[in-house]
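Observations on chain architecture
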Amino acid sequence: MSEIVDTATEGSGLKDERIETIFVEANDLRFEVDQCGDSDRLALCLHGFPEHSFSWRYQLPMLAELGYKAWAPNLRGYGRSSRPLFVEDYRMPKLLDDIAGLIDASGCKEVVLIAHDWGAVIAWQFAMQKLRPLTRLIICNVPHPAPMQRELKNLAQLKKSWYVFFFQIPWLPEKVLGRNRGQGVADAILRSSEWKERFPPEVLAVYRNNAAQPGALSAMINYYRALLRGTGRSDRHYPTITIPTLMIWGEEDVALTRASTYGTEDHVSDLTIRYLPRISHWVQQEAPQAVNAMIEAFLTGKPVPEMHWEMHLTIPASD
């Protein structure tokens, strides 16, 4: 069941009239979902930390034009989705069940999973465990867990991953990121971006407001706390992913090295990787034209283009 509501960006000047926001009941939780298009084919877009479904604003209309029902849910703890209270509520099995529940609630017969950052951590596991059939997998700026574990033995990646250990400290990460109504979140996004004009104050305000909700930052950081606590760790056995998979990688990622993508082909039998030079971790927002062209080609069976600068310099129209 779903219910149409006003979009989270109402009144911000950022609302795209093609996108509506609904609430969807799944896995005994209520999810706020940005939706564009209607079809029996689902393109499910999973956001990362410390983001929001809003991060897929450039991709949803394009996916709808390709004939998909495009959904970008706020994951548990984010936006106006249900916000469980405890660290154990954010362990991987529960996150995977959320995605399965959303797919079931969509009623769609075909599913493409598209994911960035923490959404991609979940998506890799979802594809490996084959909890629901997928026709395509698209991953943005998060490595497969096997190469990632290898790279964590190297100082270069370990230094970039410092924040994961900082997030294990009680209350202090929330205080740092939540200062001045989420200004810490806005600062982190802007500081780690390459093209700062892609993140003007009105865009950063969406992420600030998201983080400033009561309990939101604790929920968001609990993903990291659950990951490093016992059963919250991902399974160390990695079944080969056989569905066609596209990795899109902004090379100027402050948190992840390019080397963490090497060896992915050992775990994914049908893999395409495209690297985007001079683009940061926030790849689908920072280079939407290039990312959209790559996704469209991949989903329509065409050769996936390399990035060209004319693809980057234009932002897709919002009207």
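One structure accompanies this document, and this report is about it. Just so we're clear, the structure is a prediction, and the values are computed from it rather than from any experiment.

1. Comments concerning helix 3 (residues 118–129)
With 12 residues, helix 3 should cover 16 Å at 1.5 Å per step; its first-to-last C-alpha distance of 17 Å lies within 8% of that length. Of all 12 residues in helix 3, 10 are buried, a share of seventy percent or more. Of the positions making up helix 3, those classed as buried are W118, G119, A120, I122, A123, W124, Q125, F126, A127 and M128. At the exit of helix 3 stands K130, carrying a positive phi of roughly 55°.

2. Some points on the pairing of strand 2 (residues 20–26)
Taken across its seven residues, strand 2 has five buried, putting it largely inside the fold. Note that strand 2 and strand 3 (residues 29–36) share seven bridges and pair antiparallel. Across the sheet, residue A26 finds its bridge partner in strand 3, namely L29.

3. Some details on the pattern of salt bridges
Inspection of every chain in the model, using the stated rule, returns 13 salt bridges. A salt bridge links E25 to R30, with the shortest nitrogen-to-oxygen separation between them at 3.3 Å. Residue class for E25 comes out partly exposed when judged on its relative accessible area of 42%. A salt bridge links R132 to D104, with the shortest nitrogen-to-oxygen separation between them at 2.8 Å. With R132 in the loop between helix 3 and strand 7 (136–140) and D104 in helix 2 (residues 92–106), this residue pair connects regions lying 28 residues apart in the sequence. The exposure class assigned to R132 is partly exposed, which follows from its relative accessible area of 29%.

4. Notes on unusual backbone geometry
The residue after F49, namely P50, is reached through a cis peptide bond having omega -5°. Its location among the elements puts P50 in the loop between strand 4 (41–46) and helix 1 (60–65). One non-glycine residue, N180, lies in positive phi territory at about 50°. Tracing the chain through its elements places N180 in helix 7 (residues 172–192). The backbone of R278 sits at a positive phi, close to 60°, despite the residue not being glycine.

Each value, and the rule that gives it
Residues numbered from 1 in each chain as written. Predicted model: local features only at pLDDT ≥ 70, side-chain atom pairs only at ≥ 80, totals over all residues. Heavy atoms only, no water. Helix = DSSP H or I, 4+ residues; strand = E, 2+ residues; numbered from the N terminus. Expected span 1.5 Å × (residues − 1). Buried < 20%, exposed > 50% of the residue type's maximum accessible area, 1.4 Å probe, protein only. Pairing = 2+ DSSP bridges. Salt bridge = Lys/Arg side-chain N within 4 Å of Asp/Glu carboxyl O.

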